[in-house]
Amino acid sequence: MSQSVLLTIARASIEEVLQAQNSINRTELLENYPILSQPMDCEINLYLNNKLRGSARTDKLERSLLEEIIHNAKIAAFQDENFNPLVTSEYLHTTIKLTLFTADGELSHQSDPILKG
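Right, let's walk through the structure included here.

How each quantity is defined
Residues numbered from 1 in each chain as written. Predicted model: local features only at pLDDT ≥ 70, side-chain atom pairs only at ≥ 80, totals over all residues. Heavy atoms only, no water. Core = buried A, V, L, I, M, F, W, Y, C linked by side-chain atoms within 4.5 Å. Buried < 20%, exposed > 50% of the residue type's maximum accessible area, 1.4 Å probe, protein only. Helix = DSSP H or I, 4+ residues; strand = E, 2+ residues; numbered from the N terminus. Contact = heavy atoms within 4.5 Å.

1. Thoughts on the nonpolar core
- Ile9, Ile14, Ile44, Leu46 and Ile69 are the most contacted members of the largest nonpolar core, which totals 28 residues.
- Elements with a contribution of two residues or more to this core: α1 (3–19), β1 (41–48), α3 (65–78) and β3 (94–102).
- A per-element tally of this core places α3 first, with 8 residues.
- For isoleucine 69, the contacting residues outside a window of four places in its chain are Leu6, Ile9, Ala10, Ser13, Cys42, Ile44 and Leu98.

So this is what it looks like as structure tokens:
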């Protein structure tokens, strides 16, 4: 599975809230990437100007990897108690770092901001 798929899911999760619409096709993602249906710990960190802007990590394995990515992205962006909810102008400049905690160790992937500078 491409790392960009995981980061695309994280970005789409935040965009669902900012745009107030459901856009993630869970059925299609699960059909195309069966590993997303497996439980797996993950963490989402958001960075704005290289500074932490929000964070969320799985605390119990109750959801599939797909649902964990969606859940943690939304928590990091809008419900992290250390920050105000993310606004669109910040989101466009935000870097997303997604870390998976697997039996083989940690795997991290990071996206570039939509707008640089």
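Having seen it, we continue.
2. With respect to the side chain of glutamate 68
- Here glutamate 68 is to be found in helix α3.
- Once you skip the residues sitting within four places of it in the chain, glutamate 68 turns out to touch Met40, Cys42, Thr58, Lys60, Glu62 and Arg63.

3. Side note on unusual backbone geometry
- Of note in the backbone geometry, asparagine 49 takes a positive phi value of approximately 55 degrees without being a glycine.
- Tracing the chain through its elements places asparagine 49 in the loop between β1 and β2 (51–57).
- Residue classification places asparagine 49 among the exposed residues on the basis of a relative accessible area of 61%.
- Of note, the phi angle at asparagine 50 is positive, near 65 degrees, even though the residue is not glycine.
- Looking at the secondary structure, you find asparagine 50 in the loop between β1 and β2.

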